[in-house]
Structure formats: C-alpha cells, structure tokens
Amino acid sequence: MLQRQLEEPTTVSNLWNYLAFVVFVVVSALIPIRKRLCSRRVKTKEDYVFGAGHISMLAMMLSIARGTLGVISVLGYPSEFFYRGTAMWETLYGMMTAYPIVCFVFIPVYFDLGITSVYQYLELRFNSRLVRCLASGTYILRTLLSLGVTIYTPTVALNTIIGVPYWASLLCITCISIFFNALGGMKAAVAADVIQSLSMTAMLVGIVIYCCVKSGGVDQVVAIGAQAGRMNFFNFAADLHLRVTTTSAWLGELFMSLSLLGCQQNFVQRYLSMPTLRKIRQTMLVNIPLVAVLFSLPWLVGMGIFALYHTCDPLKAGNIEKMDQILPYFIMDYFSKVPGVWGLFVGTLFNGALTLNISNINSLATVTWEDFLSLLPGFRKKADSYQLTVIKLVGTIYAILILGVGFLVGLLSGVIESSVLVLSATSGPLLGVFILAMFVPFANWKGAALGMLVSHGVTVWIVTGRMMYVEVYDSLLSTSIEGCVSDAPFLTNSTSYIVVDQMSRIMPMAVQGDSFLYRIYSVSYMYYGVFGTILTVAVGLVFSLATWSSVDAYNTKMLHPAVRWLHERSPFGGKRFGSFDVNKGDKLPPAAKVVVVSNLTVKDSGKS
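Here's what I pulled together on the structure shown here. (Residues numbered from 1 in each chain as written. Predicted model: local features only at pLDDT ≥ 70, side-chain atom pairs only at ≥ 80, totals over all residues. Heavy atoms only, no water.)

## Focus on unusual backbone geometry
Then comes step 1: In the Ramachandran plot, Asn127 falls in the positive-phi region, its phi being about 55 degrees despite a non-glycine side chain.
Then comes step 2: By relative accessible area, Asn127 is classed as buried at 1%.
Then comes step 3: You will see that Phe234, though not glycine, has its phi angle at about 55 degrees, which is positive.
Then comes step 4: With relative accessibility at 56%, the residue Phe234 sits in the exposed group. (Buried < 20%, exposed > 50% of the residue type's maximum accessible area, 1.4 Å probe, protein only.)

So this is what it looks like as structure tokens:
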C-alpha cells in the first residue's frame, strides 16, 4: 500500500479542530467540578480525600481501570507494536494475576483499620515513623517521576500535529491541574476518570474499525502483522539481559502491579472510599476482563496502523522524528481534512494526562500531609479547614515539581521504556516492606527500614550503571519504505532514520562487555521490581531475627488473617516474638502507650 501524500488541512477544517479541542478539554474539566462551582458548601477534608457520599460501582471500576488506558499506553503501545512487536503486550498476564491477589490478600488487611494513608498501616505494624516515611517517600518519588512521563506524552501529539512547543503544553497542563486541584477532590477525580475512560475507549475502537476496513478486514490486519514478525508471543528465553520476554513481562508486571494496586495511595484511597469489603471485591474481580479489554485496545490500534504502513515506515522515511509520533501521524495522514477529528484526538490525550495528573496530585498531597506534615509539632491538632488548605497548597507545589520532571523526560528513549523503568525501579522496596509487614510475624522496624534502604541503594546503583556505563542497544524489528512516494515529508524539521534494524544510544564504555559489572548493569529493567522486592524481604528477615527485642511487640491484627491464624498456632506465636492481641486481653509490653485508630486498639512505642 502506497503512503498517501499528506495535504494541509483547510482553514475551515483547522478552525473546527481547534474548536473541538478547546470544547472537549473545557467540558471534560468542568463537568466533574460543576457541583463545587455552583455550591457554597465548604468542602471538608473527608470530602476531598475519600469523596464522602455515594460513588457507583461502575464509576469506581472505570476509575481503577483508568490507569490501564492512560495516555502513555495510547501513544506508546501502538509504536511498541509497530517497531518491536507484541512482547510487551504480555505484561497483561502479570496485571491480571495481580488483581485477585490484591483483592484477597492486601485489601482485607487495610479495610478495618480506618486509615487515611495506606502508609499509616506500616507505622501501626512496625511502631515506627521511619518505616512509614520511607514508604511514603518511595511512593512520592515514583509518582512524581511517572507523572512527569504522563504529562510529557500528549505534548508529543500536540507538537506533531499542530506544532505547539513542548513547554507550552506542559505549562498549560500544570495550570489547569492546579485550578482543578483547588476545587476538586476524590469524587471529582473519579468523575474525570470515567469521562476519560469512555472517551479514550470510543476513540480507540473507532481507529481499530477504520484500520480494519481500510486494510481489508480483521484477518488481513492479523496476517500482515504475523508475516512481518510482529506476533512474537510466548518467548520463554532464560536470558535476563533480553529487553522483554514472556517470563520477564509476566513476572516483572506482576510485581509492579502488586506494588501499584496494593501498596500505592491513589488506588487504596479508592478502595477505602467504597462502603463494604464485598463491594470492593466485586469491583476488583469484575474489573479483570475490563482491564484486559482496555489494555489490549492500544495494541489493536498498533496492529491496524502497521497494516496500513507496513510498506512505508514513517520513521524510516523521515516523516516523524520519534517512534511515539506514529499514532498522531496516522491521524493527520488520514483525517487531516475531516473537521474536528484531530481536535478530538489531541483533546482526549491532553485531557487524559490532565485527569491522571489531578488524581495523583490529590493522593500525593494527602500522603504528604498524613505521613509528614501532620506529625510536625506546628501542624498537630489543626482544624479541618486548615488541613484542607495545606493539602491543596502541597498539591500545587507537586504540580510544579511534576512540570519540571516533564521537561526531563524527553531525554529518554520513548514513553513506554521511561514509564516501565521508573515503575520497576521503585516497586521493589515498597512491595517488599508490605510483604514483611503482613506475612512475616517476626519482622521489626529495624529490618524493614534496612531492607528498604539496601534495596533502594542497590537499585539506584544498577540504574545508574545502566545509564552511564553500558552501551544499551534498543533493537527494533525491520521495516520497509518500498511503498513510499518521494514527496516531501510531513515534518519539515524531521531527521532521517539512519539505522534500519537497530537504534542505539551510545554511552561511554567504562566497563568491559564481558565483565561481572557489565552483566549486572545490562539486566532487563523488567526485573528491577522483582530483585528489589526479594532484596528488601531477605535483608528484612535476617536483620529482624538478629535484632528482635521485647519492644518490637505489635498487635497481631496487623498481620494478614491467614498468617495470624498460623502464627497463633505455631510454637513461637505470641511468645518468642512478643506479639499480642488486645481483643483477647493480652497484656501490653512495658513502656508502650495505647492509641486508638478507628475501632482498632494498637500500641505505639514512639520509635522513630
């Protein structure tokens, strides 16, 4: 199929597209906060954090699944399929495995505690603010980095289609996020997620149908992808240095999803806003097929686009500068003269980054207040309205920090690789400390803290070594330009695609390719979360056994119910490790004071 020559949109068509973009973004942003704009009622902290009141099960399902269909996925996965095939698609296995584990393992522990921050649980379990702050800091770091990737992603489309500078798009997203954060809250964030999920799904389904029709049917789309070697499923190679295999996709995504869904504030905050544990379980389990469908949509879009461009790769032909521009280029190529289409497309991407940014700013600000600021003497026992004002101010500061991260993301090679690298590198310590807390009865705060610090240190060392000392090859599948016409490329400032089968980022080689350090640095980033979790748990186990004392006793209600049942029946339960259960009338250890969290009475030894 010959590449069609791009034609400049008419002035009338451009006006309709700009109008569609502005209207879609404004309406999508105002609908979730319309009640707040029309109401004089003062929003309470509970309203802001948990969305006090009824949130439907369907709305919560779409909000939780919303992260599956973010702008990173929409722009990144089609280009991933086009240039690397389906290997990363198999991360879906790990994601679907994580949902029931979170549903039946993590949520029952949190639900009855009456906590505002999920990291408050770690303080109750380990009687240590240090562990709580380390976990909160890990979450904040990961979210800041991942949101930087998120808000950068739609700027690629805006720059590709209408030439808007990256900095202008980033600044616009940040300003709207600050405004929305000041007026919104959890209910507004959920409503925005629902609007975004529905609009993104409709857009992707429309693109898939169009591509299938243009290519001659679904079977033709699949056949073209298979003949070009894109359907590379079920690669169980044991080499840890391959970028992604079926094993690393499943295992790496499982650990990342467990850390995200089970240990991250923005997700747990949504679970705890639902009225009953049964409702949470229904929402999570019904969400599994929904997540599978939503996650697969961008990949199907990639298959359709590849079927149209399999004889004329826009990147190799010099029509685009980056792989992630393939979907925006397709929209301009086929719909430039259809009024409003690219306006709605860019508006959907822009709004997607915006809503995800707003939702996470809410959680970041809540965690910062609950886990850091509220513990300071000057902020204790402040009025509810004062707390809410501080939380909103902190959210504004985070929006500005995310803006700064967004400017740095363009230095990395693609939004998918940037996103996975950030999530994998920060997942291990966070997941590991929660595993210690729930499943290891003899784990104490010293082992948990040291395990997190060691895991963070090793992960940072490996990531730094990978980026500084290893020549990382980003292997791409072969593409063709045989069907291209010799017209001027769409992007006048585009650079030529020089290397056909491989693109590489050349780094100074400070270590030898066959050395021990080189082999460590070049391990696939898909395994960072796995290794980080194992290291946190291993160090925590050893150091806890070596340093356990009577002051490390804790309320056994903090353990997972199944572990608590086994612990109570073990030879050492409640004896060697000094655990206690106030509901059974157990005597608290000396020097411990009693605090009440919701209906659960626990001890707090005041360690930091």
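Now that the structure is up, let's keep going.
## Brief notes about the state of the cysteines
Here, disulfide denotes a covalent bond that connects the sulfur atoms of two cysteines.
Then comes step 1: The tally for this structure, following the rule as stated, stands at one disulfide.
Then comes step 2: Lacking any disulfide linkage, Cys211 is separated from the closest cysteine sulfur, that of Cys212, by 7.0 Å. (Disulfide = S-S within 2.5 Å.)

## Some thoughts on the pattern of salt bridges
Then comes step 1: One pass over the structure, following the stated rule, counts six salt bridges.
Then comes step 2: Three or more residues are tied together by salt bridges with common partners; here these are Glu123, Arg129, Arg132 and Asp371. (Salt bridge = Lys/Arg side-chain N within 4 Å of Asp/Glu carboxyl O.)

## Some details on the nonpolar core
One recurring pattern in soluble globular proteins: nonpolar side chains tend to sit buried together.
Then comes step 1: Core analysis: the largest hydrophobic core is formed by 154 residues, its most contacted members being Tyr121, Leu122, Phe126, Tyr271, Phe330, Phe345 and Phe434.
Then comes step 2: Per-element tally for this core: the top contributor is helix α14 (residues 277-309), with 16 residues.
Then comes step 3: Among all residues touching Phe330, those that are not within four sequence positions of it are Ile207, Tyr210, Cys211, Ile305, Leu308, Tyr309 and Phe335. (Core = buried A, V, L, I, M, F, W, Y, C linked by side-chain atoms within 4.5 Å. Helix = DSSP H or I, 4+ residues; strand = E, 2+ residues; numbered from the N terminus. Contact = heavy atoms within 4.5 Å.)

## Considerations on the environment of Met558
Then comes step 1: Of note, Met558 is situated in the loop between α21 (528-547) and α22 (561-569).
Then comes step 2: Spatially, the C-alpha atoms of Met558 and Leu124 are 7.4 Å apart, while their sequence positions differ by 434 residues.

## A look at the packing of helix α5 (residues 71-84) against α14
Then comes step 1: Contact pair α5 / α14: the axes reach a minimum separation of 8 Å and the direction vectors enclose 50 degrees. Regarding the angle of α5 to α14, the classification is oblique. In this structure, the crossing between α5 and α14 has a hand that is right-handed. Of the residues in α14, those touching α5 at Ser73, Val74, Tyr77, Pro78, Glu80, Phe81 and Phe82 are Phe295, Pro298, Trp299, Val301, Gly302, Met303, Ile305, Phe306 and Tyr309.
Then comes step 2: When its residues are assigned to classes, the contact of α5 with α14 shows 13 nonpolar, two polar and one charged. (Axes fitted to C-alpha atoms, helices over the stretch in contact; angles between N-to-C directions. Parallel < 35°, antiparallel > 145°, perpendicular 65-115°, else oblique. Left-handed = near helix turned anticlockwise from the far one by under 90°. Nonpolar A, V, L, I, M, F, W, Y, C, P; charged D, E, K, R; others polar.)

## Focus: the side chain of Ser177
Then comes step 1: Mapped onto the fold, Ser177 is located in helix α9 (residues 166-183).
Then comes step 2: In this structure Ser177 comes out as buried when scored by relative accessible area, which is 0%.
Then comes step 3: Within the local environment of Ser177, its side chain forms a polar contact with the backbone oxygen of Ile173, the two atoms lying 2.7 Å apart. (Polar contact = N/O pair within 3.5 Å; in protein donor to acceptor, adjacent residues only side chain to side chain.)

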